[in-house]
Amino acid sequence: MPALLRFLATTALLAAVGGCASWQPATLQIGETEQQVVAQLGTPTARIPDNAGYLLEYNRNPWGQATHLARFGPDGRLVSYEQVLTVEKFAQIQVNVATRDDVLRTVGHPAETSYLPRQQLEVWSYPYKEAGAWNSIMHVHFDHAGIVRLMQNGQDLRFERDGLFGFFGS
């Protein structure tokens, strides 16, 4: 019987370690082709035009709190690959200047969209880990012309365990 328990424990440990390996960040090299990137990362969630090149989006939201963008130049070669749901990237979005397309090229597609009829604003919401620690959500508000008019950052209440929102009980 102890041999069976050791076997089961070893099997469980190897399965856990193998599962962790699949969550490791990709080791992409600048200059790789789209085919090489897709072979490592799988099918992208979106393809976004970007000036002369394009972006492949790997959106892990709503619960993954991350979006990675693989940026390709006009020659179809990888220029950069980064996690874009960060304070630094959100800071690049200029209120009263940026458009929907600018936001897509900066932080990708939102996890959720909504509309505020009284203010007549469309809202794109991006759950993310602020500073790698805080469950946050950035709301980007657009007017009818598609111009960013407001950005609001706040706590992502889906992760609260106080029972007020019914997700985790009291």
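Before reading further, recall that the structure is shown in the block above.
Described in the following lines is the structure provided in the data block. Keep in mind that what you see is a predicted model, and the values were worked out from it rather than measured.

**Quick look at the sheet that holds strand β4 (residues 78–83)**
Taken together, four strands build an open sheet; the order of strands is β1-β2-β3-β4 and the sheet is antiparallel. The sheet is open, and its two borders are formed by β1 (46–50) and β4, each paired with just one other strand. Pairwise comparison of adjacent strand axes, ignoring direction, gives a mean angle of 20° for this sheet. Pairing of strand β2 (residues 53–59) with strand β3 (residues 67–72), which is carried by six bridges, proceeds in the antiparallel orientation. Each bridged residue has a counterpart across the sheet, and for Y58 the counterpart in β3 is H68. Contacts from helix α2 (residues 34–41) reach β1, β2, β3 and β4 within the one sheet, and its direction differs from that of β2 by about 0°. Those strands touched by helix α4 (residues 100–107) are β1, β2 and β3, and its axis lies near 100° from that of β3.

**Observations concerning the sheet that holds strand β5 (residues 112–116)**
With antiparallel pairing, four strands are arranged side by side in an open sheet as β5-β6-β7-β8. Of all strands in the sheet, those bounded by a partner on one side alone are β5 and β8 (148–155). Strand after strand, the sheet turns through a mean of 25° between neighbouring axes, direction not considered. The pairing of β5 with strand β6 (residues 121–130) spans five bridges and is classified as antiparallel. Note on β6: the bridge partner recorded for L116 is L121. Against the sheet, α4 engages β6, β7 (134–142) and β8, with an angle of about 15° to β6.

Rules behind the numbers
Residues numbered from 1 in each chain as written. Predicted model: local features only at pLDDT ≥ 70, side-chain atom pairs only at ≥ 80, totals over all residues. Heavy atoms only, no water. Pairing = 2+ DSSP bridges. Helix = DSSP H or I, 4+ residues; strand = E, 2+ residues; numbered from the N terminus. Axes fitted to C-alpha atoms, helices over the stretch in contact; angles between N-to-C directions. Contact = heavy atoms within 4.5 Å.

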